[in-house]
Amino acid sequence: FGQARHVSCRRAAVKRVPRHKSTTANLMILAMSRILGTAFAPVRHREEKTTLRSVTPRAKTVDVDLAPPTKRVPPKVPEGTPVVPPQDLASRPRRNRRSATVREAFRETILSPSNFIYPIFVHDGDDDIPIDSMPGQARLGWKSGMIKKVREARAAGVNQVVVFPKTPDHLKSATAEECFNPNGLAQRSISLLKDTFPDLEVYTDVALDPYNTMGHDGMVRSDGVIMNDETVYYLCKQAVSQARAGADVISPSDMMDGRVGAIREALDAEGFTNVAIMSYTAKYNSAYYGPFRDALASAPRPGTEEWSIPKDKAEYQMDPANFRECLREAALDEAEGADIMMVKPAGAYLDIIRALKDNSTLPISAYQVSGEYSMLKAAAAAGYLNEKDAVLESLIAIKRAGADLTLTYFAIDAAKWLQEM
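Our subject in this report is the structure included herewith.

Reading guide: rules and limits
Residues numbered from 1 in each chain as written. Predicted model: local features only at pLDDT ≥ 70, side-chain atom pairs only at ≥ 80, totals over all residues. Heavy atoms only, no water. Helix = DSSP H or I, 4+ residues; strand = E, 2+ residues; numbered from the N terminus. Expected span 1.5 Å × (residues − 1). Buried < 20%, exposed > 50% of the residue type's maximum accessible area, 1.4 Å probe, protein only. Core = buried A, V, L, I, M, F, W, Y, C linked by side-chain atoms within 4.5 Å. Contact = heavy atoms within 4.5 Å. Axes fitted to C-alpha atoms, helices over the stretch in contact; angles between N-to-C directions. Parallel < 35°, antiparallel > 145°, perpendicular 65-115°, else oblique. Left-handed = near helix turned anticlockwise from the far one by under 90°. Nonpolar A, V, L, I, M, F, W, Y, C, P; charged D, E, K, R; others polar. Pairing = 2+ DSSP bridges. Arc of directions from axis to C-beta. Patch = residues over 30% accessible without salt bridge, like charges linked within 9 Å, V, L, I, M, F, W, Y side chains within 5 Å. Areas by Shrake-Rupley, 256 points an atom, 1.4 Å probe, with all protein chains shown as cover. Salt bridge = Lys/Arg side-chain N within 4 Å of Asp/Glu carboxyl O. Lys, Arg positive; Asp, Glu negative; His and termini not counted. Charge placed at Lys NZ, Arg CZ, Asp CG, Glu CD.

### Points about helix α6 (residues 228-245)
Then comes step 1: Here α6 is 18 residues long and its end C-alpha atoms lie 26 Å apart, about the 26 Å a rise of 1.5 Å per residue gives.
Then comes step 2: Extensive coverage of α6 is indicated by the burial of 13 of its 18 residues.
Then comes step 3: Two residues or fewer past α6, Gly246 is found with a positive phi of approximately 120°.

See below:
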């Protein structure tokens, strides 16, 4: 007890020395800098002279010793530019757009000629016949003009085509039997293309409207009803005849119920298990098809008192007002064996392209249709748009929406423009 008391007395006898106020303040600042992670500095008691230089006219000055000498001339600002402090922004998206090199490095959507399918119109003649409503496009003579045009496409890097035949009127009928003629225009064209360019990817069109006197994708009953199952029976025969001619991809554009599964079964039964199907999954009853129907003379014909013919294709093509319906069509086509699913038209239906992309693992194609082509051509001809820039932007939008393949009449021009960039 005595020892403890002695120590206590000694502690009581120690005289405390008061700290200087500035020393206490410095210690507090250092403690705060460690806690907050900030670069607080102790209080300085005398000023230090520092040589400064301006990096840019409006930039914060920096110590000359922190940057090497430079010959770069600071940029000038327009006279009258207000002097304002920099905004307190942690993120400035424009930093990732500041140069062509950076923009190219971060570009998310890359166009390539390998993404394009070039649609070609063919007719049973020698001369190429210009299509007035589609400037720059023509009905190609299947023996010469078609081969010349495809050779041009391949030279530009486009190695995929889809063939649309202009059937002579005298070969058309109400039931469209010409569609599966083994020596028909489409079949001869497909065969010649594969003989000339064995590695060319040839797509076909499966529908009755180019061969139907009434201008519909299916057979028309006297009361105006489009006959579904009877049409599908002939579509299967048409698909098999195209496969026999050498087609790589069969493309049913008719929008009949069940046709993808029926065509898949018919192809497999004939041994064409490697022939793919690109289904027109979401084909809308659109106003943009006019120039195409002019090219093939395949628009619906007027009806009579004895035989009613629908004025449009709303009974089997999709309503432009509908979105969810495309998901139902996609689920059916995928289940029935489609290898690729298409949206048509493309530009006005980018949301549909994205919907199919997000809800399927299949490749998605989109058709930049004749009306889209002709509108851009007309605007460019009038000087309202730069054709190259507008076309490439439209194609980028289609791919950005989710299209792996784009059918476009600009395929050759776009491929050449991409090579120049």
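Moving on from the model shown.
### So, the nonpolar core
Then comes step 1: The biggest cluster of nonpolar side chains holds 109 residues, and the ones touching the most others in it are Ile120, Phe121, Leu193, Leu267, Ile353 and Tyr367.
Then comes step 2: Among the elements that take part in this core, α6 stands out by supplying eight residues, more than any other.
Then comes step 3: Once residues within four sequence positions are removed from consideration, Leu267 is found in contact with Ala239, Val240, Ala243, Ile250, Phe272, Thr273, Val275 and Ile277.

### Some remarks on the packing of helix α9 (residues 324-336) against helix α10 (residues 350-359)
Then comes step 1: Following both chains from N to C, one finds α9 and α10 inclined at 45°, their axes separated by 10 Å at the closest point. Classified by the angle their axes make, α9 and α10 are oblique. Between α9 and α10 lies a crossing whose hand is right-handed. Residues Cys326, Leu327 and Ala330 of α9 form the contact with α10, whose participating residues are Ile352, Ala355, Leu356 and Asn359.
Then comes step 2: When the residues that make up the contact of α9 with α10 are grouped by side-chain class, the tally is six nonpolar, one polar and no charged.

### Points about unusual backbone geometry
Then comes step 1: In the segment running from Lys344 into Pro345, the intervening peptide bond is cis, with an omega of -5°.
Then comes step 2: Among the secondary structure elements, Pro345 is positioned in the loop between β12 (340-344) and α10.
Then comes step 3: For Ala176, which is not a glycine, the phi torsion comes out positive at approximately 60°.
Then comes step 4: Mapped onto the fold, Ala176 is located in the loop between β6 (160-166) and α5 (185-196).
Then comes step 5: Positioned with a positive phi, Met255 is a non-glycine residue whose angle comes to about 70°.

### Section: the pairing of strand β13 (residues 364-368)
Then comes step 1: Most of β13 sits out of view: five of its five residues are buried.
Then comes step 2: Bridging between β12 and β13 involves three bridges; their strand directions are parallel. When the bridges of β13 are listed, Met342 appears paired with Ser365.
Then comes step 3: Here β13 runs beside strand β14 (residues 405-408); their pairing, made up of four bridges, is parallel. By the bridge assignment for β14, Ala366 is matched with Thr406.

### Observations regarding α10
Then comes step 1: Buried within α10 we find Ile352, Ile353, Ala355 and Leu356. Mapping the buried residues of α10 onto a view down its axis gives an arc of 160°, with all of them on the same face.
Then comes step 2: Buried-residue contacts for α10 involve β11 (276-283), α9, β12, β13 and α12 (387-401).

### Observations concerning the environment of Leu193
Then comes step 1: Within the fold, Leu193 resides in helix α5.
Then comes step 2: Taking the relative accessible area as the measure of exposure, Leu193 reaches 0% and is therefore buried.
Then comes step 3: Residues Leu193 and Ala247, 54 residues apart in the sequence, show an inter-C-alpha distance of 9.4 Å.
Then comes step 4: With sequence-adjacent residues up to four places away left out, Leu193 is seen in contact with Ile120, Met146, Ile147, Val150, Val161, Val163, Leu200 and Val202.

### Here's the deal with a positive patch on the surface
Then comes step 1: Taken together, Arg92, Arg94, Arg95 and Arg97 make up a surface patch of like positive charges.
Then comes step 2: By the element assignment, Arg94 lies in the loop between β2 (62-63) and α3 (100-105).
Then comes step 3: Residue Arg94 is classed as exposed on the basis of its relative accessible area, which comes to 67%.

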